[in-house]
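Examining the three-dimensional arrangement
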Amino acid sequence: MQKINRNVVLALLSLTSLVFLLFQLCYYKFYLSPKNGAAFSKARGSQSGQDSTRWHVVRKFLGLISSHNIPVYLIDPLILGLVDKDIEQIRSSPDGPSPECKYFCAPRDFTTFALLDKTWKHDVGLFRSAEKMGFQWLKIINKDPRLDGMDDLSGMEIPLHYIFKLASHAIHLVVFYERSGNFLWHGPLRLKQHMDRKFVPFRKLHFGRHPGAYEKPELLLVSIDDLKVQIPKNPSSFLEEMSHSRFLECRYREARAFFQLYPDDASLDAVEFRKKAKSLLHLAALTLNNLGVKFWLSSGTCLGWFRQCNVIPHSKDVDLGIFIRDYKADIIPAFQKAGLPLKHKFGKVEDSLELSFQGEDDVKLDIFFFYEEDDHIWNGGTQAKSGKKFKYLFPKFTLCWTEFVELKVHVPCETLQYVEANYGPEWKVPVKTWDWKSSPFNVQDNGIWPIDEWDNVIQIF
Amino acid sequence: MEEWKPNPPVKPHKKRSWYLAWKYKLMNQRALRKLCQTGAVLFLLVTVIVNIKLILDTRRAAYEEEEESAQDYDDEMLNVEVPRHPVNNKKVLDVEVYSSRSKVYVAVDGTTVLEDEAREQGRGIHVIVLNQATGHVMAKRVFDTYSPHEDEAMVLFLNMVARGRILIFTIKDEGSFHLKETAKNVLKSLGSQVAPFLSWRDMWTFVGKKGGEVYGEKHAKSPALSTWGDPVLLKTEVHLTSVEDAECHWPDTELNRRRKRFCSKVEGYGSVCSCKDPTPIEFNPDPLKDNKVFDVPVAVIAGNRPNYLYRMLRSLLSAQGVNPQMITVFIDGYYEEPMDVVELFGLSGIQHTPISIKNARVSQHYKASLTATFNLFPDAKFAVVLEEDLDISVDFFSFLSQSIHLLEEDESLYCISAWNDQGYEHTAEDPSLLYRVETMPGLGWVLRKSLYKDELEPKWPTPEKLWDWDMWMRMPEQRKGRECIIPDISRSYHFGIVGLNMNGYFHEAYFKKHKFNTVPNVQLKNVESLRKDNYETEIHRLLGEAEVLDHNKNPCEDSFVPDTEGRVYVMFIRMEQEADFTTWTQLAKCLHIWDLDVRGNHKGLWRLFRKKNHFLVVGVPASPYSSKKPLSVTPIYMEPPAKEEGAAAVPAVAAAAEQT
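Below, the structure is looked at part by part. (Residues numbered from 1 in each chain as written. Chains lettered and ligands numbered in written order. Predicted model: local features only at pLDDT ≥ 70, side-chain atom pairs only at ≥ 80, totals over all residues. Heavy atoms only, no water.)

Another point: the packing of aromatic side chains. Aromatic ring pairs: the centre-centre distance and the angle between the two ring planes describe each pair. Within the structure shown, the criterion is met by 62 aromatic pairs over all chains. Ring centres of B:Phe169 and B:Trp204 lie 5.6 Å apart, and the angle between their planes is 35°; this geometry places the pair in the tilted category. Taken as a pair, B:Phe169 in strand E6 (residues 166-172) and B:Trp204 in strand E7 (residues 203-209) lie far apart in primary sequence, 35 residues in all. For the pair shown, B:Phe169 and B:Trp204 are each scored as buried. Centre to centre, the rings of B:Phe506 and B:Tyr510 are 5.3 Å apart; their planes meet at 50°, and the pair counts as tilted. Here B:Phe506 pairs with B:Tyr510, and both are found in helix H14 (residues 504-510), just 4 residues apart, close to one helical turn. B:Phe506 gets classed as buried once you look at its relative accessible area, which sits at 8%. Using a relative accessible area of 14% as the deciding quantity, one classes B:Tyr510 as buried. In this arrangement the basic side chain of A:Arg251 is found over the ring face of A:Phe306, its NZ or CZ atom lying 4.0 Å from the centre. (Phe/Tyr/Trp six-rings, centres within 6.5 Å; stacked < 30°, edge-to-face > 60°. Helix = DSSP H or I, 4+ residues; strand = E, 2+ residues; numbered from the N terminus. Buried < 20%, exposed > 50% of the residue type's maximum accessible area, 1.4 Å probe, protein only. Lys NZ or Arg CZ within 6 Å of the ring centre and 35° of its normal.)

The following block contains the structure:
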């Protein structure tokens, strides 16, 4: 009796041991192997190449929003990429039935759509019908940046993203807002503490890591995979725009703190200068954008944006930066045509190029051209009377969009490093007497122009 | 052990014997065998434990992985969420009510919900309404029933309160002098034993449920005319009901959800919370054909006068051509009740931390509101600016839609306003007629974005300057000779009696009899003639056809204007230079129109109606229209009153500022 007992115990233990061994194998297969390869959800979701779940979900979603008269458009980069290849054919046959499911059947976790905030009424009925259709939805709201710049206003939080999930597929609906400066803005996707972090694999979303700025797109109604959707008229330029759409909000809180320390100059002169600087900047932006030349706020204008979200009233000019690779010979005639005569031209395209245009009433527009090296970027300066050359060094930077005096403009994304390089660690303290040859933190002597080149590299009008 | 048999190894005997030998050996050595078995069991147990641990570890790793994946998207600001208060299951509220000559207070469950010990303030009957299910304060009012008519307001208010609510009354100082029979009867019907006998300087507290039980009442009689009753303190308990009992059972729609949220929080809005027949909160007025102001944002400037805001928004949302999506209500301060009103109507509201004091606070609030409006609607070229104490005419948007192009095209225009300062019942007649005036009336007006962004915003008075924004906007530095377009009959009505610079007397004298258009779809007459040069032609034509009145008569007398209808008359008054308004002010006074400062003039000309005739007043010789004066006519001169009266009028002008 006792013996049997013992044997049974032994057998049971061996069995458990075996079962656990099996478990181990299972876990290894499900959790550890996908880590090295694709992602978690793959094991749960669909694996096969052709998958109609996605198509059905998209179709349901489009039905839902059209029954509520909400105009959305497709901004999914992967689909737009595919669409772009066949754009001619899609344009020419907007209604033709498609032989195979080419776009909406590739297995993905998401399909991304955009919604213009002002085109819908925040109708809660939408969500109720969505639930009836089986969608689970998540709304991501946050502060309204259009009120952020204002002292002490607190509005309602605005919806920035919606996610509608059905079965294994999710629709990411990005809400775009119109901003001063005639552009569209979408917010970052940030989860609040109580939110379900596993609602969808957020990491794989194409929109939401950063806020973004876009032009208002022209739309085109097309039929792809037998679904009628609006897409940007020119998908490739939309994709291009998307790749550097990152938007930086001005640091309004810090700007307010700055004005606490150094009250704003509200004199009539300051008001007048700001008005002129603003209109000059608008004119310059219009001219350069028409030429397709990328530019950013540099020097004092950039400092003004970064430190106080406004034009520095005692700065007396407007400064822009342009990469030398974007230089076009048309720039000078274009500005002249816009009513801004060339005041001086220093340097040459190969070295230390700098242009100055005369704006209205002594407000000057300075354009500095930036030269990229392996580990830094620099621009040059020239002293007219001595022919001395100067060099201003900056760490490498990329460009981001921002809103400044009702304009969508570029600034270096790494603004702090840029401003610190230029103005040193004390950039927060206003300096009224400024010498461009000695005051900048990053200025270096760069020799003297050879006398025989002076006529070319020092031109004053 | 049999399985070993069929498959004997190469040297079975040796092997077998080795195995058996061991087996027997072990069998014999029981202790050793036992040890081995225990070892095996232990080993297996350890395996099991290790396995469990492994499972747990993998799981944690996987979880962390996913956590990490969402980390990029975490809100940087760690919202430390205050844990929600556990639902108050308490069924009984302790209520304390105190009434005395100089102080009243009400405490509910130890929390003071009313405390007033300010001098010279808060006299009369204080009323507090509590939600019978939650115990929350839904309304707080004071009715100065020492003064006339306040008891009527109290009756009106008490009638609006829903059945079942808990009402708390307490008297500060004096509350019986003008407490009439009707009001006393209403209090009696609420269950008060004392109310019918309340008399001079009695102290009184009362807690009861509307249409239900009485929780307590205390009273202290004043012993003599010159003294007050002793302070009374009433302590009582109130039994709460269930939430379901405290709510109405409206059909479950989005609108009714908003209504429910509103009605469970506040009281005193009448039939909007009626269970049987609630008044609508969505109005769907007829759309306007070819509405040119559909996309123009509307900024409603509000303070803490939620009842006003409620009335205002109702009229605004009922106006034809309104676009609720473009409306933003800007509330000066973190007041809850105005925000509740905004949410009731499904509009968006923005709260503004008050900056500075008094007039400067209003001014800063205006600036923030206007800037925010243009930020929120960057495409807009204009903004409509309204205040919370205005009724909006049914054809307000139609009026703007017909005239807004002028503001866009005519640079000599400063604004379009819905308000005619001189448009009283007896001086305004023609809803289709528009004027150009040199003063900015405000009270429902349209602002051009370029004017705001380029001129006004950068120069706006800073918080330390205690200026009125509208007085500032009227200053020549800002107005720069530009004019506003106004209608003859106002498209807004100023109903506010309580306000920064407003009181009942002032309202009655200057605002109550203001004419307000109630006719829908008025087709405006000859809008093009409002352009700068066209208007001059128009005025010359009018003056050409006008009959000169008999200047020997007294212009204040009714008989000054003949008993005709539809004629055009002109009179000439003395006006030595552009800023000489001596005679005009006297004339305005006797005509009972706005006389606190000069309004409604255009180059020394005023246009109004008398006895349904168009009545023009020309200031001679300052006005360029003086040339129309026949040589035989001597301009009328009216004496200003004696000095002291003139001086007394000065503060009144300042007081008129904000509201006009």
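Alright, that's what it looks like, and here's the rest.
This next bit is on the state of the cysteines. Working definition: the covalent bond between the sulfur atoms of two cysteines is a disulfide. Residues and elements named next belong to chain B. If you walk through the whole model with that rule in mind, you get 7 disulfides over all chains. Between Cys-248 and Cys-275 runs a disulfide, and the two sulfur atoms are separated by 1.8 Å. Given an S-S torsion of about -80°, the disulfide between Cys-248 and Cys-275 has left-handed geometry. Here the residue Cys-248 occupies a position in the loop between helix H5 (243-246) and helix H6 (254-263), and Cys-275 occupies one in the loop between H6 and strand E10 (298-302), the gap between them amounting to 27 residues. Judged by relative accessible area, which is 8%, Cys-248 ranks as buried. (Disulfide = S-S within 2.5 Å.)

This part covers the environment of A:Phe110. Residues and elements named next belong to chain A. Along the polypeptide, Phe-110 turns up in strand E2 (residues 110-116). Residue class for Phe-110 comes out buried when judged on its relative accessible area of 6%. In the structure, Phe-110 is positioned 100 residues away from Leu-10 in sequence and 51 Å away in space, judged by C-alpha atoms. Setting aside residues no more than four positions away along its own chain, Phe-110 makes contact with Arg-54, Asp-76, His-169, Ala-170, His-172, Val-200, Pro-201, Lys-204 and Leu-205. (Contact = heavy atoms within 4.5 Å.)

This brings us to the packing of helix H3 (residues 150-160) of chain B against helix H4 (residues 181-189) of chain B. Residue and element names in this part refer to chain B. Two numbers describe how H3 lies on H4: the axes approach to 9 Å, and their chain directions differ by 35°. In this structure, H3 meets H4 at a crossing whose hand is left-handed. Residues Asp-151, Met-154, Val-155 and Leu-158 of H3 form the contact with H4, whose own contacting residues are Ala-183, Val-186 and Leu-187. Looking at side-chain class alone, the contact of H3 with H4 contains 6 nonpolar, no polar and 1 charged residues. (Axes fitted to C-alpha atoms, helices over the stretch in contact; angles between N-to-C directions. Left-handed = near helix turned anticlockwise from the far one by under 90°. Nonpolar A, V, L, I, M, F, W, Y, C, P; charged D, E, K, R; others polar.)

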